[in-house]
Amino acid sequence: FKDPQGRASVAREVAAGLEQLPGIQAAGGGSGLPPVTPQRGTRFAVEGMEITDPNADGAYFMAITPNYFRALGTPLLQGRAFDDRDAPGTPPVAIINQTMARNLFPNDNPVGKHLKLINPEQSADWRTIVGVARDARQTHMDINPNDFYLPLMQAPSRYAPLYFRTDRPASVWLETLRATVA
């Protein structure tokens, strides 16, 4: 699909279709596959906060479908996951990881605070933080960088690998997955 929004819609629809299959506990997708796919780095700003350390305003980010965290088994520690409220044209939102929450808001609840990307490829709109996810190893296995997540529908990506959680061997899913994607 040449249209980024069309790619995001298809990824979301396929993930939703996978979740309807018996034996699939959760399905989601994102703009990369951690820790295999290098995540996109960007600078960011936090509303009302001056970040003076030049190394403190960088983060990795991914655009994800609503059930991404459930599919990967990453718990949300605060707030909510993305859902149908987080569509194009709705107020921009983000989820941050616990490292970013601890680094930026050591004595505050980050849910409800605002940040924006300093990245020419993405919107410079202020995004409301709606959740905090447990740290996940996105790149290096020995460090926890600042990570944040955007709804795939608000930040379409060229790539959107899909993941699913099941209690059955992956080999039994090949034909079913092909038919669902088709």
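Notes on the structure follow. (Residues numbered from 1 in each chain as written. Predicted model: local features only at pLDDT ≥ 70, side-chain atom pairs only at ≥ 80, totals over all residues. Heavy atoms only, no water.)

**Some thoughts on the pattern of salt bridges**
So, point 1. This structure, assessed with the given rule, holds seven salt bridges.
So, point 2. Between lysine 113 and aspartate 108 there is a salt bridge whose closest N-O contact spans 4.0 Å.
So, point 3. On the basis of relative accessibility, which here comes to 29%, the residue lysine 113 falls in the partly exposed class.
So, point 4. When its relative accessible area of 48% is taken as the criterion, aspartate 108 is described as partly exposed.
So, point 5. Among the charged side chains, a salt-bridge network with shared partners connects Arg80, Asp83, Arg85 and Asp86. (Salt bridge = Lys/Arg side-chain N within 4 Å of Asp/Glu carboxyl O. Buried < 20%, exposed > 50% of the residue type's maximum accessible area, 1.4 Å probe, protein only.)

**Here's the deal with the environment of alanine 15**
So, point 1. Of note, alanine 15 is situated in helix α1 (residues 4–19).
So, point 2. Here alanine 15 falls in the buried class, since its relative accessible area comes to 5%.
So, point 3. Sequence separation between alanine 15 and leucine 162 is 147 residues, and the spatial gap between their C-alpha atoms is 6.8 Å.
So, point 4. Filtering out sequence-adjacent residues up to four positions away, alanine 15 remains in contact with Ala27, Gly28 and Leu162. (Helix = DSSP H or I, 4+ residues; strand = E, 2+ residues; numbered from the N terminus. Contact = heavy atoms within 4.5 Å.)

**Concerning empty space enclosed by the protein**
So, point 1. This structure, assessed with the given rule, holds two cavities of 30 Å³ or more.
So, point 2. As a volume, the largest cavity reaches approximately 50 Å³.
So, point 3. Forming the boundary of the largest cavity are Ala8, Arg12, Ile64, Thr65, Pro66, Phe82, Asp83, Asp86, Pro151, Leu152 and Met153.
So, point 4. Partitioning the lining of the largest cavity into residue classes produces seven nonpolar, one polar and three charged. (1 Å grid on protein atoms, 1.4 Å probe; cavity = no way out; pocket = protein on both sides within 12 Å on 5 of 7 lines; lining within 4 Å. Points joined across faces, edges and corners; volume = space filled by probe spheres on them. Nonpolar A, V, L, I, M, F, W, Y, C, P; charged D, E, K, R; others polar.)

**Topic: the environment of glutamate 13**
So, point 1. Among the secondary structure elements, glutamate 13 is positioned in helix α1.
So, point 2. Note: C-alpha distance between glutamate 13 and threonine 65 (52 residues apart in sequence) is 9.7 Å.

**Focus on the side chain of glutamine 154**
So, point 1. Mapped onto the secondary structure, glutamine 154 falls in the loop between β8 (147–151) and β9 (162–166).
So, point 2. Here threonine 90 takes part through its side chain, which lies 3.1 Å from a polar atom of the side chain of glutamine 154.
So, point 3. Within polar-contact distance, the side chain of glutamine 154 engages the backbone nitrogen of valine 93 at 3.2 Å.
So, point 4. Those residues in contact with glutamine 154, other than ones at most four positions away along the chain, are Asp86, Ala87, Pro88, Thr90, Pro91, Pro92, Val93 and Arg127. (Polar contact = N/O pair within 3.5 Å; in protein donor to acceptor, adjacent residues only side chain to side chain.)

**Concerning the pairing of strand β7 (residues 127–133)**
So, point 1. The buried count for β7 comes to six of seven residues, which makes it a mostly enclosed element.
So, point 2. The sheet contact formed by strand β4 (residues 76–79) and β7 spans three bridges and is antiparallel. The residue bridging glutamine 78 from the neighbouring strand is valine 132, located in β7.
So, point 3. The pairing of strand β5 (residues 93–97) with β7 spans five bridges and is parallel. Looking at the pairing, alanine 94 lines up with isoleucine 129 of β7. (Pairing = 2+ DSSP bridges.)

**Observations regarding the side chain of asparagine 146**
So, point 1. Inspection of the secondary structure assignment puts asparagine 146 in the loop between β7 and β8.
So, point 2. Since its relative accessible area comes to 9%, asparagine 146 is described here as buried.
So, point 3. Within the local environment of asparagine 146, its side chain forms a polar contact with the side chain of asparagine 103, the two groups lying 2.9 Å apart.

**Digging into the pairing of β8**
So, point 1. Burial of β8 is extensive: five of the five residues sit out of reach of the surface.
So, point 2. Residues Asp147, Tyr149 and Pro151 of β8 are buried on one face, and the alternating residues Phe148 and Leu150, pointing to the opposite face, are buried as well.
So, point 3. Pairing between strand β3 (residues 58–64) and β8: five bridges, direction parallel. Across the sheet, methionine 62 pairs through a bridge with tyrosine 149, a residue of β8.

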